[in-house]
Structure formats: structure tokens, C-alpha cells
Amino acid sequence: VQLVESGGGLVQPGGSLRLSCAASGFTFSRVGMRWYRQAPGKERELVAAITSVGGSTSYAESVKGRFTISRDNAKNTVYLQMNSLKPEDTAVYYCYTRLGDGTVISYWGQGTQVTVSS
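(A) Quick peek at the sheet that holds strand β7 (residues 67-72). Here four strands make up an open sheet; going across it, the order is β1-β3-β8-β7 and the pairing antiparallel. Since the sheet does not close on itself, it has two edges, and those belong to β1 (2-6) and β7, each with one partner. Each strand of the sheet is rotated relative to its neighbour by a mean of 15°, with strand direction disregarded. Sheet topology note: the strand β3 (residues 17-24)/strand β8 (residues 77-82) ladder contains six bridges and is antiparallel. Bridge pairing in β8 links Leu17 to Met82.

Shown next as C-alpha cells:
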């Protein structure tokens, strides 16, 4: 199983970025996906999630209305569109999934840095 994030970088407040997470090693279309983030000195927090069937989404209160999670099952990729970025969005963003029926195993990407600063 591999999760490879890309798309991070430096952006000014109010700007936008789109993160991508390319997945391999499992049947992507059957699995829910999540984005987490971790800022320096803080715990990792759930940012957004999308289900496998139907693509229902959910968001942390702090990003509602600004971030959009989506998925392309043909490309085995999940995205996080981030608009109206704020300095407090600065963090390492991680792609996450978990697999298994009995024993559940969590998988994380390597993370991509997002820095919001003028």
C-alpha cells in the first residue's frame, strides 16, 4: 500500500492550493479516504473525509466552506482543494486510509508541507 501526497507549497493568505494523494496497492474505489494535518507543536487533526460509496464528505469546523475533498476512482487519487487559506492552515498535510475487516491497519502518506504566509 502506498499513499503519495503532492501539491503543497508556500501561498499567501487568501490564496488556494490543491493537494493530491495518489494511492496504490489496494482497491481504491472501495475504501474511504481522509486528510489530516499537523501543525508544529500540535496534535494531528482530521481535516476532511470522503466515503467510498456515494462519496459523502465531512469536514472539520475550521475548514468548512473553504476546503473541498474529492476523489477520482479512475485515477486512484483523492484531492483536497483549499481556498481562502489562512496562516493557521499552515501544517503538514497527510493522506490516510485504513484497510481490513477483522484486523484494521492504518496507512499514512509521507505528508506535504503547506505554508500560508505573506
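(B) How the structure looks around the pairing of strand β9 (residues 91-99). Along β9, eight of the nine residues are buried, which leaves the element largely enclosed by surrounding structure. Pairing analysis gives five bridges linking strand β4 (residues 33-38) to β9, with the strands arranged antiparallel. If you follow Tyr36 over to β9, its bridge partner there is Tyr94. Where β9 meets strand β11 (residues 112-116), three bridges bridge the pair, whose relative direction is antiparallel. In the strand pairing of β11, Val92 is matched with Gln113. Where β9 and strand β10 (residues 105-108) come together, four bridges link them in antiparallel fashion. What sits directly across from Leu99, in β10, is Ile105. Connecting β9 to the antiparallel partner β10 that follows it, the hairpin turn spans five residues, and Gly100 within it adopts a positive phi of roughly 120°.

(C) Structural context of the state of the cysteines. According to the stated counting rule, one finds one disulfide in the structure shown. One disulfide in the model links Cys21 with Cys95; its S-S distance is 2.1 Å. One disulfide, between Cys21 and Cys95, carries an S-S torsion of -85° and so falls in the left-handed class. On the criterion of sequence distance, the pair formed by Cys21 in strand β3 and Cys95 in strand β9 is long-range, its members being 74 residues apart. Its relative accessible area of 0% is what places Cys21 among the buried residues. Cys95 gets classed as buried once you look at its relative accessible area, which sits at 0%.

(D) Broad picture of the packing of aromatic side chains. With the rule as written, the count across this model stands at five aromatic pairs. Between Tyr36 and Tyr96, the ring centres sit 5.4 Å apart and the planes meet at 70°, which makes this aromatic pair edge-to-face. Here Tyr36 is found in strand β4, whereas its partner Tyr96 is found in strand β9, with 60 residues between them in sequence. The two residues Tyr36 and Tyr96 agree in class, both being buried. Through pairs of rings, three or more aromatic residues link up here, namely Tyr36, Tyr94, Tyr96 and Trp108.

Cut-offs applied
Residues numbered from 1 in each chain as written. Predicted model: local features only at pLDDT ≥ 70, side-chain atom pairs only at ≥ 80, totals over all residues. Heavy atoms only, no water. Pairing = 2+ DSSP bridges. Helix = DSSP H or I, 4+ residues; strand = E, 2+ residues; numbered from the N terminus. Axes fitted to C-alpha atoms, helices over the stretch in contact; angles between N-to-C directions. Buried < 20%, exposed > 50% of the residue type's maximum accessible area, 1.4 Å probe, protein only. Disulfide = S-S within 2.5 Å. Phe/Tyr/Trp six-rings, centres within 6.5 Å; stacked < 30°, edge-to-face > 60°.

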